[in-house]
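# Descriptive analysis of the structure
Here is what each chain is made of, one letter per residue.
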Amino acid sequence: MKTELQLRPANMNDADCLLAWRNDRATREASLCTARVEVADHIKWLRSAISNDQQRLYIAEVNHRAVGSIRADREGECWILSWTVAPRSRGKGIAQQMLKCFIEGCNETLLAQIKVNNIASQKVAVRAGFVLQDVQDGIFFYQRNAD
Ligand SMILES: CC(C)(COP(=O)(O)OP(=O)(O)OC[C@H]1O[C@@H](n2cnc3c(N)ncnc32)[C@H](O)[C@@H]1OP(=O)(O)O)[C@@H](O)C(=O)NCCC(=O)NCCS
């Protein structure tokens with residue numbers, strides 16, 4: 001059985017699980033915007049995200065089971081990345097695998113903004129080649145240059 005992680009573009013059928021992950025307590029704590037997201041706003045956002053060439057949204061799957069998501073928002077010549085691992089799939093190195101997979105298919109400058117108390121995500125980012133550039137208001141700003 002194939003066990004490696006794969007990324008596929010998100011679609012509207014992913015709306016429920018993406019919303020559940022987004023409203024999960026740990027995800028909200030790690031987000032820059034910590035408010036719960038309402039269903040209607042989420043659907044509107046997802047519809048826009050999957051049809052906008054300035055955004056990329058992927059679902060990570062292992063054995064066809066969704067284990068997380070990774071999102072990239074265009075920022076000038078760079079992409080700002082953010083990622084979430086499904087609550088039941090945390091603690092297994094999934095974020096590391098998702099980032100590796102994304103980076104293999106994207107040879108551009110990547111940015112990430114991670115709260116100072118989110119040690120797990122900082123480890124994941126550094127292992128993926130991100131370098132700390134700045135800290136402002138409790139947020140670390142990371143950058144990974146193209147290879
Ligand atoms: C943070 C998150 C992405 C981590 O993903 P994950 O794949 O479950 O990460 P892991 O639990 O495998 O941890 C990655 C590393 O951090 C370490 N780690 C985890 N929690 C830690 C903590 N509180 N303190 C120190 N190290 C920690 C792990 O031990 C692991 O290191 P190791 O490989 O040397 O053992 C995931 O928990 C998540 O989605 N959280 C909610 C949303 C979020 O934080 N998104 C990121 C926003 S920038």
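Position numbers for residues count from 1 along each chain, tracking the sequence in the order it is written. Predicted model: local features are reported for residues with pLDDT of at least 70 only, side-chain atom pairs are reported and counted for 80 or more only, and whole-chain, interface and lining totals are derived from all residues. Side-chain measures were taken over the full set of non-hydrogen atoms in the model, leaving aside hydrogen atoms and water.

Going by an unreviewed UniProt entry, the chain carries the name RimJ/RimL family protein N-acetyltransferase and comes from Marinomonas pollencensis.

### Remarks on the state of the cysteines
Note on terminology: pairs of cysteine sulfur atoms within 2.5 Å are recorded as disulfides. Counted by the stated rule, this structure contains zero disulfides. In this structure Cys101 is not part of a disulfide, and its nearest cysteine sulfur, from Cys106, lies 12 Å away.

### A few points about helix α5 (residues 119-127)
Accessible area is worked out with a 1.4 Å probe on protein chains only. A residue is then buried under 20% of its type maximum, exposed over 50%, and partly exposed in between. Runs of H or I in DSSP of at least four residues are treated as helices and runs of E of at least two as strands, each being numbered from the N terminus. Every buried residue of α5 is accounted for by Ser121, Gln122, Val124 and Ala125. Buried positions in α5, seen along its axis, are confined to an arc of 160 degrees and lie on one side of it. Within α5, the exposed residues directed more than 90 degrees away from the buried face are Ala120, Lys123 and Arg127. In what follows, residue pairs with any heavy atoms lying within 4.5 Å of each other are defined as contacts. Taken together, the buried residues of α5 touch β4 (78-85), α4 (94-104), β5 (110-115) and β7 (139-144). What the arc measures is the spread of directions leading from the helix axis to the C-beta atoms.

### What about the sheet that holds strand β3 (residues 65-75)?
Pairing between two strands is assigned when DSSP locates at least 2 bridges connecting them. The seven strands lie next to each other as β1-β2-β3-β4-β5-β7-β6, forming an open sheet whose pairing is mixed. Each edge of the open sheet is held by one strand with a lone partner, namely β1 (6-9) and β6 (131-136). Sheet twist, expressed as the average angle between the axes of neighbouring strands with direction ignored, equals 30 degrees. Bridge count between β4 and β5: three bridges; the pairing is parallel. Residue pairing across strands places Ile80 opposite Leu111, the latter belonging to β5. Of the strands in this sheet, β2 (55-62), β3 and β4 are in contact with helix α1 (residues 15-23), which crosses β3 at around 80 degrees. In this analysis an axis means a line fitted to C-alpha atoms, helices contributing only their contacting stretch, and an angle means the value between N-to-C directions, from 0 to 180 degrees.

### Topic: the site of the ligand
Here a residue counts as near a molecule or strand whenever at least one of its heavy atoms sits within 4 Å of it. The immediate surroundings of the ligand are formed by 21 residues, with Trp83, Val85, Gly91, Ala95 and Arg127 found nearest. A distance of 2.8 Å separates a nitrogen atom of the ligand from a polar backbone atom of Trp83. With respect to the ligand, the side chain of Asn118 contributes an N or O atom lying 2.9 Å from an oxygen atom. For every accessible area listed, the method is Shrake-Rupley and the probe measures 1.4 Å; residues are considered covered only by the protein chains on display. If the ligand stood free it would expose 940 Å²; the protein chains cover 68% of that surface. For the shell around the ligand, the secondary-structure elements that each account for two or more residues are α2 (25-30), β4, α4, β5 and α5. With six residues, α5 is the largest single contributor of residues to the shell around the ligand. Residue classes follow a fixed rule: Ala, Val, Leu, Ile, Met, Phe, Trp, Tyr, Cys and Pro count as nonpolar, while Asp, Glu, Lys and Arg count as charged, and any other residue, Gly among them, counts as polar. Residues that form the shell around the ligand fall into these classes: ten nonpolar, seven polar and four charged. Nitrogen and oxygen atoms within 3.5 Å of one another constitute a polar contact, given that in protein one can donate a hydrogen and the other can accept it, and given that sequence-neighbouring residues count only through two side-chain atoms.

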